[in-house]
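A look at the structure
Below, each chain spelled out in residue letters.
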Amino acid sequence: MALPGAPAPGPAAAPALPPPPTVLMSVRVALEQPPRRPPPPAALLRLQLSLQPQPRAQRRFRLGLRTAEEAGGASIAEYDLKDISYTVRSPTCHELVVCGALDEPMVFNFEEEREAQKWWTIVSSSLREVQKEDLALQLAQAIEDGDEEAAAQCAVALARQQATLSILLKESNYPPDDISMNVGVEDATSSASIVLRVQPHTTIATLKQQVFQDYGFHPLVQRWIIGQCLCVDERTVSSYGIRRDGDTAFLYLLSAKRAELTRQRYEEDQAQLLLNSIASLGDGAAAGEQRQYNTLPSTSPRKAWGGDPSRKMDIGEISQHLDTMQIGDLGSNPSASAAASLPSPVQAGWSCPKCTFINKPTRPGCEMCSTDRPDDYVVPCSYKPDETELWRIQQEQEGILQYQQALEAERLRNFQQLLQLEEEVLVPNREVLECRICYQQVPPGEGVLLRECLHNFCRDCLRQVINYSEEPEVACPFRDDSYACSSHLQEREIRALVSPEEYRRFLERGLVLAERRTQNSFHCKTTDCRGWCIYEDSVNEFRCPICQALNCLLCKAIHEGKNCRQYQDDLQQRAQNDAAARQTSDMLQTLVQLGEAMHCPTCHIIVQKKDGCDWIRCTVCQTEICWVTKGPRWGPGGPGDTSGGCRCNVNGQRCHPRCQNCH
């Protein structure tokens, strides 16, 4: 049958020409060793890599040796990439060997290194694609032959290359007979029943196009549900259980607004579908099979279609029935017509916002697609669930109880695991890691996961970090270009990572640093003694807890059994013959000259102010001294006599501009 406007039938048309190849890259080369067929001069050669489309979305990479364009561009030789071996001998020299041929290898020299590198990038990428395609074909053949070992090897090779595959069964694996599939069609307000002729290997995407072509419902508004599963386009109807005549599927139609379908999109897709149909009618075999898979809608027990059973229902009739609240037999007797004109009772429940299925009021999710019930829906007070619904509610409550029990058990297991990890001194790594310090692979159990920041390192690197740390708190060594971890190692982690001797030295370094950074610290004057203290202003002596020596904080020396005057007098006498005593005496005089010590105005011994205010007391004669004026605080009458002394705060005036509360 000729199409309207088509030319009259004539002789069989010539087969369509294959599409032209796509040239990926072409580059000038000089041939060092010409093949058997003499090529033109070396300066007029070029290599060309092209891609030839093949049936079933396959590709064919071709590498050709041609003359330059100014010499006519004639083809000298052309090879499939899978039939050659292409290697790089130097930055500007490549070699091509034809597999299985006796010809000598062809060596190509490039004019520029950059151009040769670019050419190799394209060729190597194409070679990898060819290898992937060959592996995929070998995998398919090995599976078809039942060769498990070869299939496993091909699968491993493809997995290492992270190849993207789509695995589909061939049509020969499915039964050849068509299936009459009963389809219940519904939208938000009405329903109908139709029968579609499908094949087991028909995909859901093909099924949507079939309905679009027959009835005009765009694939975007179609939601297919088979066996209480919301179908996806890639799977076949057979995978959802459609295997014999009479199997049932459900088609829910969304509104164009909800499916975000515009009129322009609908008209464009409809025009494209018409063009594809015209093209398929041009094929005689396809024309003979055209439209053999749809039939009239079958009569539903609750709703009937009118008209001739042998007539195909058009899109206007289906749309008319699905857009009304009732479906009746429009061609029946008057009494039936009157009954059909009555409005059908409204089904109690809520409409799924995704697939439009009417669910029972108490159901929390859609029975078909599992979409949650709308938040604003309220179960009617007058609704009484039936026995099936009551059983479902009971099952849900039992399921919730079991879920809560399982969740509580899981929480208890997690808590026990946390307690177990907390009891462990070090948390080992569970997987292979790369140490960010030495960049070595660390097997499971040989690294350490730091508790505060969860960074992983090997044990040796962390031990070195601790041994060379100058701070009492060892910082996490994690660093990169944009971040430095501010967490610290815990004390128990440090103790477990180093040896006892290394830990002792670590503690000693911390004590030395603490003494150096602490104000009012005093180190015991006993030789090689590690004792030290933090003194207060009211304390003048320090008994070392290590060597038990009594240190004088004023003299900064040990003179147990002597007061400061006796010690200083004895020090002056010994300074004439004793170098150590002379050094100590010189040190005291230097302190006096620098203003860090002074002579008592009464007994003339050397005294020092440790810290705090400017009030000090001589340890020998008990005279109260004003440090800033270097004189007595009070007059001849003793404490309270302001007739003499520094007279600080008399008439509201300080004794000295730099006075720090001597009164």
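Computed from a predicted structure; not experimentally measured. (Residues numbered from 1 in each chain as written. Predicted model: local features only at pLDDT ≥ 70, side-chain atom pairs only at ≥ 80, totals over all residues. Heavy atoms only, no water.)

Right, let's get into the confidence of the model for the protein chain. In the predicted model, the protein chain carries a mean pLDDT of 78, and the fraction of residues at 70 or more is 82%. For the stretch residues 1–16, pLDDT sits under 50, and the model shows 2 contacts to residues farther than four places along the chain or on other chains. This model gives residues 284–313 a pLDDT under 50, and the stretch forms 65 contacts once residues within four places in sequence are excluded. (pLDDT = per-residue confidence, 0-100. Contact = heavy atoms within 4.5 Å.)

Scanning all chains against the criterion turns up 7 aromatic pairs. Ring plane angle 90° and centroid distance 5.8 Å describe the contact between Y252 and F357, whose orientation is recorded as edge-to-face. Here F357 lies in the loop between β13 (350–351) and β14 (358–359) and Y252 lies in strand β12 (residues 248–253), a separation of 105 residues in the sequence. Each member of the pair, Y252 as well as F357, is classed as buried. (Phe/Tyr/Trp six-rings, centres within 6.5 Å; stacked < 30°, edge-to-face > 60°. Helix = DSSP H or I, 4+ residues; strand = E, 2+ residues; numbered from the N terminus. Buried < 20%, exposed > 50% of the residue type's maximum accessible area, 1.4 Å probe, protein only.)

For the rest of this paragraph, the subject is the side chain of S124. Topologically, S124 is positioned in helix α1 (residues 113–145). A polar side-chain atom of S124 sits 3.1 Å from the main-chain carbonyl oxygen of T121. (Polar contact = N/O pair within 3.5 Å; in protein donor to acceptor, adjacent residues only side chain to side chain.)

Listing the buried residues of helix α9 (residues 459–467) in full gives C461, L462, I466 and N467. Tucked into the core, α9 has its buried residues touching β18 (447–449), β19 (456–458), α10 (491–497) and α11 (500–517).

With that settled, consider the nonpolar core. Formed by 25 residues in total, the largest nonpolar core has its most connected members in L47, L63, F108, F110 and W119. Of all elements in the fold, only β1 (22–31), β2 (45–53), β3 (59–67), β4 (75–80), β5 (84–90), β7 (106–110) and α1 reach the threshold of two or more residues within this core. With near-sequence residues (within four places) excluded, F110 lies in contact with V27, R28, V29, L47, Y86, T92, H94, A116 and W119. With 24 residues, the next largest nonpolar core counts I194, V221, Y240 and L253 among its residues. (Core = buried A, V, L, I, M, F, W, Y, C linked by side-chain atoms within 4.5 Å.)

As a packed pair, helix α12 (residues 564–574) and helix α13 (residues 579–593) sit with axes 8 Å apart at the nearest point and diverge in direction by 120°. With respect to α13, the element α12 is oriented oblique. The two elements α12 and α13 cross, and the hand of that crossing is left-handed. Here Y567, L571 and R574 of α12 come into contact with α13, specifically with A581, T584, S585 and L588. (Axes fitted to C-alpha atoms, helices over the stretch in contact; angles between N-to-C directions. Parallel < 35°, antiparallel > 145°, perpendicular 65-115°, else oblique. Left-handed = near helix turned anticlockwise from the far one by under 90°.)

A few words on the sheet that holds strand β28 (residues 631–632). Spatially, the 3 strands line up as an open sheet ordered β26-β27-β28, and their pairing is antiparallel. The strands lining the two open edges of the sheet, one partner per strand, are β26 (615–617) and β28. As paired elements, strand β27 (residues 624–626) and β28 share 2 bridges and run antiparallel to each other. From the neighbouring strand, C626 faces β28, where its bridge partner is G631. (Pairing = 2+ DSSP bridges.)

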